[in-house]
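Working through the structure, step by step
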Amino acid sequence: MNENIPQDKALDNSLALMQEGYLFIKNRVNRYQSDLFEARLLGQKVICMSGKEAAQLFYDQELFQRKGAAPKRIQKSLFGVNAIQTMDGQKHLHRKLLFMSLMTPDHEKQLADMVAKGWRHAHKRWKDEEKVVLFEEAERVLCRAACDWAVVPLAESELDERAKDFSAMVDAFGAVGPRHWKGRRARTRAEEWIKGIIEKVRAETIIVEKDTALYQLAFYKDDEGNRLDAHMAAVELINVLRPIVAIATFITFAALALYEYPAYREKLKDDEAFREMFVQEVRRYYPFGPFLGARVKKAFTWKQCDFKEGQLVLLDMYGTNHDSRLWERPEEFNPERFRNWSVDPFSFIPQGGGEPEKGHRCPGEGITVEVMKATVEFLVHLRYEVPEQDVQYSMNKMPTLPNSGFVIKPLG
């Protein structure tokens, strides 16, 4: 027992985690008035922590590692087994550089333009639709744009299935039972599909440009000069495509924000700087990732807490993004907070913390922002009504989404 920090008294907190979801760590941080506490999850003692200082500690690569942190059930649905998210040190850095090279500002703009084009194309179809479920439309638009951008061949007849599979992998993250197994099956299908494409590229049956995600993953060599086998190359290419489709969640929350705070619509039409502020506030305010995990690399003590080698540690993403010490009135939606915001990689962590070039922060964060901006621009110029529906979202479900998927009625 770690006697220097609060101990949750429950014999096991796994059920409480499922019941409280995004608020599990935040509730106890508030209860114990401590950024650190120890709890038992799935039979093991886990240190849970929140806040900027905790994030700075969590991303110290001398003290923490990702190997062994992600359960196999998450690897087999969300990340892929032994993918980049589970790597450390030089091997992780070498592979991370590949991902960074695919996500430059030019690539971000190219993808955002494809998404904008996709929304315009979708709008043409909507003239025959009585209603549109925005989340489902976003899945399709993003899947099509991601595959076109990465030059992954995708027939129109496959689009719905592939989009749903990418989305199911994400939905399986915090799920048990049918939702989890649906994500597992989706990953198996996607890995077989992409593996076949990788093999065709290597056999030159499919010819692609070198400056594309498909080519770069097909011919990537690790830090020892070895080419990935076709299956692992497919796993990592999915780790480029899947997160792009996952932006559908942020997009749906952006639409909800436009509905809940309509006063911002006019300003968003012409003010690009405000559009970015709005998008960042959506990413801060609404729930996306609940927490992150790592294991202690070597024993150390911090704030009188003993971190034992191999112990699992969870960092509260949602709570840090709603920490009143970091954000004034954090439970209010206020894009203006980002007007003169100084970029801080440890207080704003919707997709992880730290520097993406050196650590485990998501390298596609810029893509997320640009794609959201392009979509918000489309939405504020679109004429539509929001019919009566259930737009509430559960803080227990991880990941969560407005219950209706956010339904709109286009007006031409």
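Scoring rules and cut-offs
- Residues numbered from 1 in each chain as written.
- Predicted model: local features only at pLDDT ≥ 70, side-chain atom pairs only at ≥ 80, totals over all residues.
- Heavy atoms only, no water.
- Helix = DSSP H or I, 4+ residues; strand = E, 2+ residues; numbered from the N terminus.
- Rg over C-alpha atoms; globule rule 2.2 N^0.38 Å.
- Buried < 20%, exposed > 50% of the residue type's maximum accessible area, 1.4 Å probe, protein only.
- Contact = heavy atoms within 4.5 Å.
- Areas by Shrake-Rupley, 256 points an atom, 1.4 Å probe, with all protein chains shown as cover.
- Lys, Arg positive; Asp, Glu negative; His and termini not counted.
- Charge placed at Lys NZ, Arg CZ, Asp CG, Glu CD.
- Pairing = 2+ DSSP bridges.
- Disulfide = S-S within 2.5 Å.
- Polar contact = N/O pair within 3.5 Å; in protein donor to acceptor, adjacent residues only side chain to side chain.
- Expected span 1.5 Å × (residues − 1).
- Axes fitted to C-alpha atoms, helices over the stretch in contact; angles between N-to-C directions.
- Left-handed = near helix turned anticlockwise from the far one by under 90°.
- Nonpolar A, V, L, I, M, F, W, Y, C, P; charged D, E, K, R; others polar.
- Salt bridge = Lys/Arg side-chain N within 4 Å of Asp/Glu carboxyl O.
- Core = buried A, V, L, I, M, F, W, Y, C linked by side-chain atoms within 4.5 Å.

1. Here we look at the overall build of the chain
Counting its regular elements, the chain contains 15 helices and ten strands. Relative to the compact-globule value of 22 Å for 412 residues, the chain shows a C-alpha radius of gyration of 21 Å, a close match. Along the first, second and third principal axes, the C-alpha atoms of the chain reach 65 × 55 × 40 Å. Within the span of the chain, comprising 412 residues, buried residues form 58% of the whole. Of all intrachain contacts in the chain linking residues separated by at least 6 positions in sequence, the fraction that spans at least 24 positions is 71%. If you sum the accessible surface of the chain, you get close to 18500 Å²; carbon and sulfur atoms cover 50% of it. The averaged location of the 61 negative side-chain charges in the chain is 3 Å from the averaged location of its 60 positive side-chain charges.

2. Structural notes on the pairing of strand β1 (residues 36-41)
In terms of residue burial, β1 counts as a mostly covered element, since five of its six residues are buried. Here β1 folds back onto strand β2 (residues 44-49) in antiparallel fashion, the turn holding two residues, of which Leu42 has a positive phi close to 50°.

3. Points about the sheet that holds β1
Read across the sheet, five strands follow the order β1-β2-β8-β5-β3 without closing on themselves; strand pairing throughout is mixed. Strands with a single pairing partner mark the edges of an open sheet, and in this sheet they are β1 and β3 (64-65). Pairing of strand β5 (residues 291-296) with strand β8 (residues 312-316), which is carried by five bridges, proceeds in the antiparallel orientation. Within the sheet, the bridge partner assigned to Ala294 lies in β8 and is Val313.

4. Digging into the pairing of β8
Burial runs high along β8: five of the five residues are buried. The side-chain alternation of β8 yields two buried faces, one formed by Leu312, Leu314 and Asp316 and the other by Val313 and Leu315. Where β2 meets β8, four bridges bridge the pair, whose relative direction is parallel. Across the sheet, the residue bridging to Val46 is Leu312, located in β8.

5. Remarks on the state of the cysteines
Under the criterion given, the structure shown has zero disulfides. With no disulfide partner, Cys48 has as its closest neighbouring cysteine sulfur the one in Cys305, 11 Å distant. Residue classification places Cys48 among the buried residues on the basis of a relative accessible area of 0%. The closest cysteine sulfur to the non-disulfide-bonded Cys147 is located on Cys143, 4.4 Å from its own sulfur.

6. Details of the side chain of Gln280
Looking at the element boundaries, Gln280 is found in helix α13 (residues 272-285). With relative accessibility at 11%, the residue Gln280 sits in the buried group. Of the polar contacts made by the side chain of Gln280, one reaches the side chain of Arg283; its length is 2.5 Å. Residues within four places of Gln280 in sequence aside, it is in contact with Phe338, Phe348 and Val369.

7. A look at helix α5 (residues 89-101)
Between its terminal C-alpha atoms α5 stretches 18 Å, which fits the 18 Å expected from 13 residues at 1.5 Å a residue. For α5, the full list of buried residues reads His92, Arg95, Lys96, Leu98, Phe99 and Met100. Buried residues along α5 sit against α10 (213-218) and α11 (230-260).

8. Remarks on the packing of α13 against helix α15 (residues 365-380)
One can describe the packing of α13 onto α15 by two numbers: an axis separation of 9 Å at closest approach and a directional angle of 115°. For the pair α13 and α15, the sense of crossing is right-handed. Touching Glu272, Arg275, Glu276, Phe278, Val279, Gln280, Val282 and Arg283 of α13 are Glu365, Thr368, Val369, Met372, Lys373, Val376 and Glu377, all from α15. Taken together, the residues of the contact of α13 with α15 sort by class into six nonpolar, two polar and seven charged.

9. Brief notes about the pattern of salt bridges
Using the criterion set out here, one finds 34 salt bridges in the structure. Here Glu236 makes a salt bridge to Arg95, at a shortest N to O gap of 2.8 Å. Placement of Glu236 in helix α11 and of Arg95 in helix α5 is noted, with a sequence separation of 141 residues between them. Exposure remark for Glu236: the relative accessible area of 0% places this residue in the buried category. For Arg325, the salt bridge goes to Asp323, with nearest N and O atoms at 2.7 Å. With relative accessibility at 8%, the residue Asp323 sits in the buried group. Residues joined by salt bridges that share partners form a network here, namely Asp8, Glu20, Arg28 and Arg31.

10. Focus: the nonpolar core
Formed by 94 residues in total, the largest nonpolar core has its most connected members in Trp119, Val152, Ile194, Leu237, Val240, Phe278 and Val282. Here the element with the most residues in this core is α11; it accounts for 21 residues. Every residue in contact with Phe278, bar those within four places of it in the chain, is listed here: Ala254, Ala257, Leu258, Tyr264, Leu268, Phe333, Pro335 and Val376. Counting 25 residues, the second-largest nonpolar core is a separate cluster that includes Ala16, Leu312, Tyr318 and Met398.

11. Some words on the sheet that holds strand β9 (residues 384-385)
Strands sit in the order β4-β10-β9 across an open sheet of three strands; the sheet is antiparallel. Bordering the open sheet on either side are β4 (132-133) and β9, each of which pairs with just one other strand. Across two bridges, the pairing between β4 and strand β10 (residues 407-410) is antiparallel. The partner of Val133 across the bridge, within β10, is Val407.

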